[in-house]
Amino acid sequence: MTTSSSAPEPKSGPNLFRILKQFGPLIFLIVLIAVFAALKPSFIDPINVFNIMRQISITGLIALGMTFVILTAGIDLSVGSLLAFCGMVAAIVAKGGAANTMSLSAGPEAGLGWFAALLAALVVGSVAGGVQGVAITRLKVPPFVVTLGGLTIFRGLTLTLSNGGPISGFAPDFRWFGTGLVGPVPVPVIIFAIAAIICHIVLRYTRFGRSVYAVGGNAEAARLSGLRVDRILVSVYVIVGFFCGLAAFVLSARLNSAEAVAGMGYELTVISAVVIGGTSLFGGIGSVGGTVVGAALIGVLQNGLQFNNVSSYTQSIVIGLILIIAVAFDRWLKSRARS
Amino acid sequence: MAQPAIAPNASGPLLEVVGVSKHFSGVIALNDVSLDVRPGEILGLMGENGAGKSTLLKILSGAQPPTSGRISFAGADYRPATPNDAKRMGIVTIYQELSLIPTLTVAENIFIGRAPTGPLGLVNWRRMNEATRDIIARVGLAIDPRTPVSALSVAEQQMVEIARALSLESRLIIMDEPTSALTESEVTRLLSIMDRLRSEGVAIMFVTHRLEEASQICDRMTVLRDGRLAGTLVRENGRPIPLPHIIERMVGRAASDLYARPSERHAAGPTRMRVRGLRTVRNPDAPHAVVLNGVDLDLNAGEIVGIAGLVGSGRTELARAIFGADRIAAGSIELDGKPISPRSPADAIALGIGLVPEDRKHQAIFAMLGIQHNFSTATLDTWSNALGFMTEARERAALLDFKGQLSIRMASPEQQIDGLSGGNQQKVILARWLARDPKVLIVDEPTRGVDVGAKSEVHQILVQLAARGIAVMVISSELPEILAVSDRIVTMRQGRITGEMPAPEATEENLMALMALDRRQGAH
């Protein structure tokens, strides 16, 4: 290569900071598990491990969708409410009615069954997400505002639909999706794992995945490269809505009930999982693997603290601190990696 | 307000810059520049892009210290540590991007940080508004002091800023391209106010591209070229400084010094794109952007057309309109004889048009992504199968192919693009478009932020593109670059084409005349 111009390019070889930057959350997760196991060896009993995994699979599913959204530098605050709304729709379809009083008396076989319920939850979730996406791109209202509105709208719709109360008592085949086991593995964990793998493949190996990173990395450059930025933005809100529907279905199955107050505050847990997993709120950086680790970190922390009789009040404090520390650590690594 | 005691000295210079230089990590931006401004004088500071005007301004406004040299102001050593320092000492700089706070009122902006207060420390609104009325009257403004600044026109906002400078008892006002966003009648008004301030003894430094305005109003003109002093011109017997003298000083070097013509050309092929009567309307999101006012342009296969124009001439707007990035109000575009109307960049790209934008950092690169992912954003469809999965081996092979063709110096396709030099980043962006094999490629500022050594490489690439039959349109602020790379040169001013000539007939002087002068013939 003949080079007429000056400075050599900086090398991009691996260094300690790069490794830490990529695997920091994972290393932290392993350390955390080791500490809890040392405190109480029963922490790593398979029963407890699967318990943790089942706990994280609901918020984990939504976090997968949220990863797409945050990669585009967006945010979705409506996920908790949308989950409750989808759950309520699924319950009504499954039971064939909404009236609060008949919820326990109606036989589980009265409605349309689990498949119709699942389909309804997914469609409602996707459409609701799509509507928010269109509001963001067409009306040019920031995602924070649109989904903040969505947060109260979907909660209100849920309460209207259910008249404030739960709908309970599903058929066993429905409940299997929340409580069943395949071998030793809970079904929600399997659903989460499959979903995570698909999301990873989509983001890492498809044209669409590339577009998501490009739009989040630099929306103007993406537009000037010929990407249909608005369509891509709408799609990520459809995706997170879809996952709200899926999570709602699994949660209702697990609790054998669709609650009007389900998913309160989930948006914060979900966003925390994505951000702790290393996805940048400014878009363009992040991965599904990171989100899975982030969700696991929160799950392990909650379970481990509970295991050691730390009050739930203190748990909130610890999780909040970890969130801030994770982002601060990320920033610090970035500044070090550059110099 | 306490002002530093200033010895009244009517005849001597107010500001004196002696042998000032500024180095940026090896690059010399200013080299031994000296100038002075006297009270009651308007000094023009002239020069092409990159001549060193902005650097000098940054030093005078306290944003950056000089590397060497001496500056004195009102007889004392002038070494401002911050822009606020400079203001306190009596030098106010008014930039193109005004520094008013749009949501606050005129009075609040003028008295920001120093609002008159009553005995309880509360703001005395009535006194503040009354004082504001007097202050803005000095610049001929008669608006309600309680008007929010966002409701004012750009010209009025500028007046408010000048009035604020006066109320701070500034002795020297530096204006950076104040007329670029104004209409002609607003310019006339601004010039008359400058004239009035001069008669009140205020010193003004007027930094501008617009030669007629400068020659009309300036008492003297200091011209910079390539970071050095190219001379100071003085108004004689009340007559404006002759434009040819200014142009001569501004361009003064042989164009062939820096840029050799890359290589022999092929003859131009058939017309690829025919633009007729192209007009745009004012975009509410970008109120300062220029409106195209009936542009005719032909781009031919295998030919490089250079678009020469000053900032605000409409050259970038022309590129954006053709590329579907801005809405077209009237006129037609034909591509290979067929009328087209791209409504988005995606449409334009599908038709075979490419654009390398002027601001690489904000409009072209994805800083946190790897080189390969940056390379393929315009060709994701080429490198993916029917199911939407990327065929990365082909994508990578194509990138490595371009790496060889364009001598892109990189460690690996995964390397983050912001680790590359400006020149190599630009080559990756060119490769992005080459991979699409466009019919028409628009390159806006091909070598902005590219080190000198790599500039000729980029020029060589542009010539190669034309040799493949692509119709290439190059926009550049650097006339030597336009001259070196173009086959045909078109000049623009205020949204119109003002001239067209084959490159061998063009000189920096006649181009500058067509770019900068109002309805004048170039010196053919």
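Keep in mind it's a predicted model, so treat the numbers as computed, not measured.

A. Representation of the overall build of chain B. Looking only at helices and strands, chain B features 17 helices and 20 strands. Principal axes of the C-alpha set define a box for chain B whose edges measure 75 × 55 × 45 Å. Looking at chain B as a whole, 47% of its 524 residues are labelled buried. Considering only contacts in chain B between residues 6 or more positions apart, those separated by 24 or more positions represent 69%.

B. Just the overall build of chain A, in detail. Looking only at helices and strands, chain A features 14 helices and four strands. Buried positions account for 49% of the 339 residues belonging to chain A. In chain A, 79% of the contacts between residues at least 6 apart in sequence involve partners at least 24 apart.

C. Just unusual backbone geometry, in detail. Residues and elements named next belong to chain B. For Asp 32, which is not a glycine, the phi torsion comes out positive at approximately 55°. We note that Asp 437 has phi near 55°; this positive angle belongs to a residue other than glycine. Residue placement: Asp 437 occurs in the loop between α14 (422-434) and β17 (440-444).

D. Expanded view of the interface of chain A and chain B. Taken together, the contact between chain A and chain B spans 32 residues of the former and 37 residues of the latter. It is helix α9 (residues 207-217) of chain A that contributes the most residues to the side of chain A that touches chain B, seven residues altogether. Its residues assigned to classes, the side of chain A that touches chain B comprises 12 nonpolar, 13 polar and seven charged.

E. Structural detail: the pairing of strand β10 (residues 228-234) of chain B. Examined bridge by bridge, strand β9 (residues 220-225) of chain B and β10(B) share six bridges and lie antiparallel to one another. Bridging across to β10(B), B:Arg225 finds its partner in B:Arg228.

F. Fine view of the sheet that holds strand β2 (residues 27-37) of chain B. All names here are of chain B. Taken in spatial order, the four strands line up as β2-β1-β4-β5 in an open sheet, and their pairing is antiparallel. Strands with a single pairing partner mark the edges of an open sheet, and in this sheet they are β2 and β5 (76-77). Relative to β5, strand β4 (residues 68-73) runs antiparallel, the two sharing two bridges. Looking across to β5, one finds that Phe 73 is bridged to Ala 76. Docked against the sheet, helix α1 (residues 53-60) engages β1 (15-24) and β2, running at close to 65° with respect to β2.

G. Spotlight on the domain arrangement of chain B. Residues and elements named next belong to chain B. Domain boundaries in chain B define domain 1 (38-64 + 83-254) and domain 2 (269-516). One C-alpha centre belongs to domain 1, the other to domain 2, and the line joining them spans 35 Å. At three residues, the largest contribution of residues to the side of domain 1 that touches domain 2 is made by helix α8 (residues 243-251).

H. Summary view of the confidence of the model for chain B. Residue and element names in this part refer to chain B. On average, residues of chain B score 85 in pLDDT, and 91% of them are at 70 or above. Low pLDDT (under 50) marks residues 254-258, which in the prediction has four contacts with non-local residues, meaning those over four places away or in another chain. Across residues 520-524 the pLDDT falls below 50, and counting only partners more than four positions away or on other chains, this stretch makes nine contacts in the model. Predicted complex, confidence summary: ipTM 0.83, pTM 0.77.

I. A look at helix α13 (residues 392-405) of chain B. Residues and elements named next belong to chain B. Compared with the 20 Å implied by 1.5 Å per residue over 14 residues, the 20 Å span of α13 between its first and last C-alpha is a close match. Of the surrounding elements, those touching the buried residues of α13 are α12 (371-375) and α14. Just downstream of α13 lies Ser 407, where phi reads positive at about 45°.

J. Summary view of the nonpolar core. Membership of the largest hydrophobic core comes to 248 residues, with the highest contact counts inside it found for A:Ile62, A:Leu83, A:Ala90, A:Ala121, A:Ala247, B:Phe206 and B:Val472. Of the residues forming this core, the biggest block, 19 residues, is contributed by helix α11 (residues 229-255) of chain A.

K. Summary view of the confidence of the model for chain A. Residue and element names in this part refer to chain A. Chain-level statistics for chain A give a pLDDT mean of 87 and a share of 89% at 70 or above. Note that pLDDT drops below 50 for residues 1-13; the model gives that stretch 27 contacts with residues more than four away or on any other chain. Throughout residues 100-106 the model reports pLDDT below 50, and contacts reaching past four residues in sequence, or to other chains, amount to 12 contacts.

L. Representation of the packing of helix α12 (residues 266-276) of chain A against helix α13 (residues 288-307) of chain A. Residues and elements named next belong to chain A. Orientation of α12 relative to α13, taken along the N-to-C sense of each, is 120°, at an axis distance of 7 Å. The angle between α12 and α13 places the two elements in the oblique class. Of the two elements, α12 crosses α13, and the hand of that crossing is right-handed. On α13, the residues that touch Thr 269, Ser 272, Ala 273, Val 274 and Ile 276 of α12 are Thr 291, Gly 294, Ala 295, Leu 297 and Ile 298. In the contact of α12 with α13, the residues fall into six nonpolar, four polar and no charged.

M. Here's a closer look at the sheet that holds β17(B). Residue and element names in this part refer to chain B. As summarised here, the arrangement of the six strands in space is β16-β17-β18-β13-β19-β20, forming an open sheet in which the pairing is mixed. Bordering the open sheet on either side are β16 (353-356) and β20 (496-502), each of which pairs with just one other strand. Neighbour-to-neighbour, the strand axes of this sheet turn through a mean angle of 20°, independent of strand direction. Pairing of β17 with strand β18 (residues 471-476) involves five bridges; the strand directions are parallel. Note that in β18 the partner of Asp 444 across the bridge is Ile 475. Here helix α9 (residues 315-322) sits on the sheet in contact with β13 (304-309), β16, β17, β18 and β19 (488-493), set at roughly 150° to β17.

N. Quick look at the environment of B:Ala51. Residues and elements named next belong to chain B. With respect to the helices and strands, the residue Ala 51 is situated in the loop between β3 (42-46) and α1. What makes Ala 51 buried here is the crowd of 21 C-beta atoms within 10 Å. A sequence separation of 445 residues divides Ala 51 from Arg 496, and the C-alpha atoms of the two residues are 26 Å apart. If sequence neighbours within four positions are ignored, Ala 51 has contacts with Leu 224, Arg 225, Asp 226 and Gly 227.

O. Quick peek at the environment of A:Asn308. Residues and elements named next belong to chain A. Mapped onto the elements of the fold, Asn 308 is located in the loop between α13 and α14 (312-338). For Asn 308, a count of 11 C-beta atoms within 10 Å gives the class exposed. Along the chain, Asn 308 and Lys 40 lie 268 residues apart, while their C-alpha atoms are 7.9 Å from each other. Discounting residues that sit within four places of it in the chain, Asn 308 has contacts with Leu 39 and Lys 40.

P. Layout of the packing of α8(B) against helix α17 (residues 508-516) of chain B. Residues and elements named next belong to chain B. Direction vectors running N to C along α8 and α17 enclose 120°, while the axes themselves pass 10 Å from each other. Our classification of the angle between α8 and α17 gives oblique. Considering how the two elements wind past one another, α8 and α17 form a crossing that is right-handed. For the pair α8 and α17, contact is made by Ile 247, Met 250 and Val 251 and by Glu 508, Glu 509, Met 512 and Ala 513, respectively.

Definitions and cut-offs
- Counting from 1, residues in each chain are numbered in the order their sequence is written.
- Starting at A for chains and at 1 for ligands, labels are handed out in the order in which the entities are written.
- Local features in a predicted model are, by the rule used here, given only for residues with pLDDT of at least 70; side-chain atom pairs are given and counted only at 80 or more, and totals for whole chains, interfaces and linings are based on all residues.
- To qualify as a helix, a DSSP run of H or I must reach at least 4 residues; to qualify as a strand, a run of E must reach at least 2; elements of each kind are numbered from the N terminus.
- Counts of 20 or more other C-beta atoms within 10 Å of a residue's own C-beta define buried residues, counts of 12 or fewer define exposed ones, and intermediate counts define partly exposed ones; C-beta atoms are placed from the backbone.
- Our contact criterion uses C-beta atoms placed from the backbone: two residues qualify when those atoms are within 7 Å.
- Here the term charged refers only to Asp, Glu, Lys and Arg, the term nonpolar to Ala, Val, Leu, Ile, Met, Phe, Trp, Tyr, Cys and Pro, and the term polar to all other amino acids, Gly among them.
- DSSP bridges decide pairing: two strands pair if at least two such bridges lie between them.
- An axis is simply a line fitted to the C-alpha atoms; with a helix, the fit covers only the stretch in contact. Between two such axes, the angle follows the N-to-C directions and lies from 0 to 180 degrees.
- All the domain ranges listed were derived from an automatic or database domain assignment.
- A residue's pLDDT is the predictor's confidence in that residue, given on a scale from 0 to 100.
- One less than the number of residues in a helix, times 1.5 Å, gives the span that helix is expected to have.
- Among buried residues, those of type Ala, Val, Leu, Ile, Met, Phe, Trp, Tyr and Cys that are joined through C-beta atoms within 7 Å form a set called a nonpolar core.
- Comment on the angle field: the value is read as roughly parallel under 35 degrees, roughly antiparallel over 145, roughly perpendicular from 65 to 115, and oblique elsewhere.
- Working rule for handedness: look at the near helix, and if it is turned counterclockwise from the far one by less than a right angle, call the crossing left-handed; if clockwise, right-handed.

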